[in-house]
Amino acid sequence: MRTALVTNFCPFYRVKLFRILRERLNATFLFFSDATERNWESLNPRGGSEFAVVPLHEGGAGRWRVLWRLARHLWTADYDVLIQGVSGRQAVLVTACIARLKRTPLILWTGMWHHPSTLFHRLTFPLVRALYRRADALVVYGTHVRDYLVSLGVAPERVFIAYNTADNEVYNRAVGEDEIARMRSELDAGARRVALFVGRLEREKGVDVLLEAVALMAPADRPLLVVNGRGPRMDELKAYCAARGLSTVRFLAYVPNAELYRYYALADVVVMPSRTTREFKEPWGLVANEAMNQGCVVIASDAVGAARGGLIEDGENGLVVPEGDAGALKEALERVLRDDASRARLSAAARATIAGWTYERMARGFIDAVAFVATRRGRE
């Protein structure tokens with residue numbers, strides 16, 4: 001069995017997954033992007049050098065040459081199964097056409113659970129729906145994506161869940177009390193509880209909703225809010241804090257991913273206030289996985305995939321609030337930060353939950369999908 005996996009590039013959090021797929025599915029990886037996507041932090045590391053990779057970008061090739069190389073390789077190579085991530089519009093069409101012409105089983109890998117509402121996306125929706133319906137199988141991030149695809153007419157038995165996973169070994173490392181005390185001192189936390197946001201400073205991430213929620217709290221109850229991320233709204237968000245007198249907000253431009261576990265250990269709560277926009281709905285939010293490794297309580301909006309796809313269970317191992325609702329987010333923050341017993345219960349449940357979210361479990365979704373299409377092809 002030879003498998004080709006076509007996706008944009010190999011981010012650091014996919015390395016261990018791809019390593020398993022290489023070993024278990026004899027996978028070759030075709031990366032069609034140079035990682036300049038708007039939603040990718042360019043300072044974060046990438047992997048892939050240890051895999052069997054087809055060099056589509058060799059020589060600094062432009063987009064159309066990359067697509068030509070992709071088509072030529074898929075046409076001439078002898079693969080038993082093609083797996084295509086849906087992160088590249090043209091690449092998806094190229095792979096789907098080659099699979100159709102060569103009668104090679106096609107598996108689509110997607111985290112999309114909401115179709116964007118721009119004019120372009122409305123016009124192309126029938127094509128996207130047809131691709132989903134005609135794929136031999138689909139691998140998805142969680143139950144929320146499965147339910148969305150079924151609502152589009154995809155047969156449930158063709159959908160396999162590869163629960164989205166972070167590298168637990170990176171994020172569950174112990175952090176000593178001395179280290180936490182040092183960080184609190186550097187951030188001038190005083191006796192305040194600590195809330196943390198990690199992500200891009202874009203509208204869809206909802207940082208303005210989080211700041212409004214903090215502003216609604218009584219000054220004495222406000223946590224130290226650490227905002228870790230870069231983006232075009234940085235100055236606007238800082239100006240809002242100045243105007244509202246939010247002196248307990250600290251902006252950190254960038255923390256290397258390998259060091260984030262220290263901030264999760266410091267924080268009492270991580271907030272993921274993402275909102276739906278015309279172009280975006282949070283497919284998952286791996287920050288939740290990362291934070292839960294340190295027993296950090298996650299408060300997420302219901303526009304976060306991890307809060308709808310099986311990871312965050314409201315009131316059990318975290319809290320879920322309506323997107324864009326600063327009042328509800330304020331109440332959730334106060335509930336977690338004031339009630340030590342509730343916070344400890346949610347923290348313990350978060351640690352217990354995330355221990356089972358491994359790369360082996362995620363890989364099982366791909367392995368089962370490949371076995372499914374191979375069995376079906378054997379019957380034809």
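Just so we're clear, the structure is a prediction, and the values are computed from it rather than from any experiment.

Visitor: Got a minute to help me understand the overall build of the protein chain in this structure?
Guide: The number of helices and strands found in the protein chain is 15 helices and 13 strands. A principal-axis box enclosing the C-alpha atoms of the protein chain has dimensions of 65 × 40 × 40 Å. Put simply, the protein chain has 380 residues, and 56% of those count as buried. Residue pairs in contact within the protein chain that sit at least 24 positions apart in sequence constitute 72% of those at least 6 positions apart. When the accessible surface of the protein chain is split by element, carbon and sulfur atoms take 50% of a total near 16,600 Å². Taking the 52 positively charged and 43 negatively charged side chains of the protein chain as two groups, their mean positions are separated by 7 Å.

Visitor: It is not clear to me how empty space enclosed by the protein should be interpreted in this structure. Could you clarify?
Guide: It is a probe the size of a water molecule, rolled over the atoms, that shows where empty space is left. Under the criterion given, the structure shown has 1 cavity of 30 Å³ or more. If you add up the space inside the largest cavity, you get close to 50 Å³. Val209, Met272, Pro273, Ala300, Ser301, Val321, Pro322, Glu323, Gly324, Asp325 and Leu329 are the residues that line the largest cavity. Here the residues of the lining of the largest cavity are counted per class, giving 7 nonpolar, 2 polar and 2 charged.

Visitor: For this particular structure, what's the right way to read unusual backbone geometry?
Guide: Glycine aside, a negative phi is what most residues show, and trans is what most peptide bonds show. Unusually for a residue other than glycine, Asn26 sits at a positive phi of about 50 degrees. Structurally, Asn26 can be placed in the loop between helix H1 (15-25) and strand S2 (27-31). Look at Asn26 and you get partly exposed, because its relative accessible area is 43%. In this structure, Arg103 is a non-glycine residue whose phi angle is positive, near 55 degrees. Mapped onto the elements, Arg103 comes out in the loop between helix H3 (89-102) and strand S5 (106-110).

Visitor: It is not clear to me how the packing of helix H8 (residues 207-216) against helix H13 (residues 326-338) should be interpreted in this structure. Could you clarify?
Guide: Remark: H8 packs on H13, axes separated minimally by 8 Å, with the N-to-C direction vectors making an angle of 60 degrees. Regarding H8 and H13, the two cross each other, and that crossing is right-handed. Along the contact surface, H8 presents Val209, Leu210, Glu212, Ala213, Val214 and Leu216, while H13 presents Ala326, Gly327, Leu329, Lys330 and Leu333. The residue makeup of the contact of H8 with H13, split by class, is 8 nonpolar, 1 polar and 2 charged.

Visitor: Is there a simple way to think about the layout of surface pockets in this case?
Guide: Taken as a whole, the second largest pocket spans an internal volume of roughly 440 Å³. In terms of lining residues, the second largest pocket is bounded by 16 residues, among which Ala96, Ala99, Arg100, Arg134 and Asp136 are the most central. Broken down by element, the lining of the second largest pocket gets its largest block of residues, 5 residues, from H3. Here the lining of the second largest pocket is composed, by residue class, of 9 nonpolar, 1 polar and 6 charged.

Reading the values: the criteria
- Throughout this description, residue numbers start from 1 for each chain and increase along the sequence as written.
- It should be noted that, the model being predicted, local features are given only for residues of pLDDT at least 70 and side-chain atom pairs only at 80 or more, the latter also being counted only at that level, while totals for whole chains, interfaces and linings use all residues.
- As a rule here, side-chain values cover all heavy atoms of the structure and leave hydrogens and water aside.
- Put simply, DSSP marks the helices as runs of H or I at least four residues long and the strands as runs of E at least two long, and each gets a number from the N terminus on.
- Only protein chains enter the area calculation, which uses a 1.4 Å probe; residues under 20% of their type maximum are buried, those over 50% are exposed, and those in between are partly exposed.
- The criterion used for residue contact is that any of the two residues' heavy atoms lie within 4.5 Å.
- Only the protein chains shown count as covering a residue, and every accessible area follows the Shrake-Rupley method with a 1.4 Å probe.
- In this tally, Lys and Arg are treated as positive and Asp and Glu as negative; His is ignored, and so are the chain termini.
- Where a charge lies is defined by one atom per residue type: Lys uses NZ, Arg uses CZ, Asp uses CG and Glu uses CD.
- Think of a 1 Å grid over the protein atoms and nothing else: a 1.4 Å probe that fits but is trapped marks a cavity, an open set flanked by protein within 12 Å on at least five of seven lines marks a pocket, and residues with an atom within 4 Å of a point count as lining.
- Grid points are joined across faces, edges and corners, and a volume is the space filled by probe spheres set on the points.
- For this classification, the nonpolar set comprises Ala, Val, Leu, Ile, Met, Phe, Trp, Tyr, Cys and Pro, the charged set comprises Asp, Glu, Lys and Arg, and every other residue, Gly included, is treated as polar.
- All axes are obtained by fitting lines to C-alpha atoms, using only the stretch in contact for helices, and the reported angles, taken between N-to-C directions, cover 0 to 180 degrees.
- The handedness criterion is simple: a crossing whose near helix is rotated anticlockwise from the far helix by less than a right angle is left-handed, and one whose near helix is rotated clockwise is right-handed.

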